[in-house]
Amino acid sequence: MEKRVYIETYGCQMNEHDSERILHLLEGSHYLETKNAQEADFILINTCSVREKPEHKVYSALGRFKWLKEKRGAVLGVAGCVAQQEGDRLLDRVPYLDLVIGTHAIPMLPQLLQKMEVSGERVCETGFDSAGDYLKAVLPQEPVGKVRSYVTIMQGCDHFCSFCIVPYVRGRERSRPSREIIEEVKRLVEMGVKEVCLLGQNVNGYGKGLKEEIRFSELLRRINDIDGLHRIRFTTSHPRDLSEELIQAYSNLSKLCEHIHLPFQSGSDKILQPMHRGYTKASYLEKIVCLKKVCPSIAVTADVIVGFPGEEEKDFEETLDLIQKVRFDDLFSFKYSPRKGTRAAQFTDQVEEKVKQDRLSVLQEIQKQITLQKNHEREGRLEEVLVEGRSKQSLQDMTGRTRSNKIVNFEGELALVGKLVPVEITKAYPHSLRGGILEVEFACSPQCLPCRSG
Ligand code: SAM
Ligand code: SF4
């Protein structure tokens, strides 16, 4: 008998991708996805605990769904980082919760649901899996009409930045064998995927601990050779491990998109040191110069934290200075949020909440202007856009992304989905671009620079 599953996801791409994998896994146990929690037999909240805000959302979401359990007997579950971190404590704290499933236990979900049905007992599974089965691909049974797809290449992290909970909730760094990754990308291409985004907490550390000797740049080269695939992206890379080979890949690999997400966290060496980041402001800036030399059109985005313990006004100014020097295309900016169990949570020089908020507002205002200026710089240019589908704003419009990862809306037909089209950018907005499709054909290949510049 068919059942319905509803998933609510909080957090990063890793969590989004886990939710997709859960849906594909449950297809095999006759669960169909529903976007309406009220008709679901199984409601799962897939969570993030990197900051306090998403963690709190779990409890409010559970409160919202409690009546559905009482009225319809829906099974309520929590997955992801909060589940991993809290484990049994979640079951104690929320008496109507049925299931807690940690970051390595996702492949066990169908069996756990079956077990619960038979025994009627509440279940908590948060063990770490040393065999690495949790990393295996879980693909849809049939093509799902997607143009872009995530592919996990590694999980966990060994860096132990002093503010970060990831190594505790995702476990140690573990890479997938390249053969498995290549096979997964080939299957996705057969299903119509044109762009893959390789996922991991620290993708440029890829390969450590594998039997084969392979680095991230070599993995990229092999994926670049896959016929039918148009574009490759990756996230996230750590500035400390950004090798010369990886920088060179931006000029050697035609499918590697001109975009890098390279979190810097702070512009002050005094703060980077206790953060345990392993680089300085100067060495970060040097890497950006090298990247721009090899690939002048590269778009750079990053993560930054304000209000880390001990951050004074002059440290914050160093952060603003770095932002002005790099001129990021976009920034994900966060107030430092103390995470239980991390070293920084015990530092005594915590920054007041109001100071953090004020610094965040100043930083975001500066970045807003830079992002808009960078978008304006694209006006009049010809961009290669991979068409993803209809725009949510207008029925006449299609939407897609440039190689630099900017969203572009333009008039067009549904038949364009999955195609690379030349679009002339006519107007810049803070979060997107507007353009018009041109009648230019890419004569040789979509990556050919002379063709792309018209
Ligand atoms: N692995 C990536 C790296 O090294 O940059 C980042 C992964 S982390 C899940 C995503 C972002 O969350 C970080 O880059 C950082 O800016 C932010 N973050 C992590 N811990 C945080 C904390 N305790 N408070 C505020 N922001 C935090
Ligand atoms: Fe967290 Fe640092 Fe690892 Fe990134 S590199 S996941 S910030 S510990």
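Visitor: So, the overall build of the protein chain: which residues are in play, and what are the values?
Guide: Of regular secondary structure, the protein chain possesses 14 helices and 19 strands. Computed over C-alpha atoms, the radius of gyration of the protein chain comes to 23 Å, within 12% of the 22 Å expected from 2.2 N^0.38 for 454 residues, which places it in the range of a compact globule. Each principal axis of the C-alpha distribution contributes one length, and for the protein chain these read about 65 × 55 × 50 Å. The burial tally for the protein chain puts 55% of its 454 residues in the buried class. Contacts spanning at least 24 positions in sequence make up 72% of the contacts within the protein chain whose residues lie at least 6 apart. On the protein chain, roughly 20,700 Å² of surface is accessible, and the fraction owed to carbon and sulfur atoms is 50%. On the protein chain, the mean spot of the 65 positive side-chain charges and the mean spot of the 66 negative ones are 1 Å from each other.

Visitor: Run through the site of ligand 2, naming residues and quoting values.
Guide: Within the structure, ligand 2 sits among Cys157, His159, Phe160, Cys161, Phe163, Cys164, Val166, Pro167, Gln201, His238 and Arg277. Looking at side-chain class alone, the shell around ligand 2 contains seven nonpolar, three polar and one charged residues.

Visitor: Requested: an account of the sheet that holds strand β16 (residues 397–401), with residues and values cited.
Guide: The strand order around the closed barrel built from five strands is β15-β16-β17-β19-β18, with neighbouring strands paired in mixed fashion. Along the sheet, successive strands turn relative to each other by an average axial angle of 50°, direction set aside.

Visitor: So, the confidence of the model for the protein chain: which residues are in play, and what are the values?
Guide: Within the protein chain, residue pLDDT values average 92, and 96% of them lie at 70 or more. Throughout residues 448–454 the model reports pLDDT below 50, and contacts reaching past four residues in sequence, or to other chains, amount to 13 contacts.

Visitor: With reference to specific residues and values, describe the packing of helix α8 (residues 216–224) against helix α9 (residues 244–252).
Guide: For the pair α8 and α9, interaxial distance at closest approach is 8 Å and the crossing angle is 25°. With respect to their mutual orientation, α8 and α9 come out roughly parallel. Each of Phe216, Ser217 and Leu220 in α8 lies in contact with α9, whose residues at this interface are Glu245, Leu246 and Ala249.

Visitor: Account for the pairing of strand β15 (residues 382–390), naming residues and giving values.
Guide: Alignment of β15 against strand β18 (residues 420–428), held across five bridges, turns out to be antiparallel. Residue pairing for β18: Glu383 is matched across the bridge by Val423. Direction of pairing for β15 relative to β16: antiparallel, over a ladder of four bridges. Residue pairing in the sheet places Gly389 in a bridge with Thr399 of β16. In textbook terms, the turn of a hairpin is the stretch between consecutive antiparallel strands, and for β15 and β16 this stretch comprises six residues.

Cut-offs used in this document
Residues numbered from 1 in each chain as written. Chains lettered and ligands numbered in written order. Predicted model: local features only at pLDDT ≥ 70, side-chain atom pairs only at ≥ 80, totals over all residues. Heavy atoms only, no water. Helix = DSSP H or I, 4+ residues; strand = E, 2+ residues; numbered from the N terminus. Rg over C-alpha atoms; globule rule 2.2 N^0.38 Å. Buried < 20%, exposed > 50% of the residue type's maximum accessible area, 1.4 Å probe, protein only. Contact = heavy atoms within 4.5 Å. Areas by Shrake-Rupley, 256 points an atom, 1.4 Å probe, with all protein chains shown as cover. Lys, Arg positive; Asp, Glu negative; His and termini not counted. Charge placed at Lys NZ, Arg CZ, Asp CG, Glu CD. Near = heavy atom within 4 Å. Nonpolar A, V, L, I, M, F, W, Y, C, P; charged D, E, K, R; others polar. Pairing = 2+ DSSP bridges. Axes fitted to C-alpha atoms, helices over the stretch in contact; angles between N-to-C directions. pLDDT = per-residue confidence, 0-100. Parallel < 35°, antiparallel > 145°, perpendicular 65-115°, else oblique.

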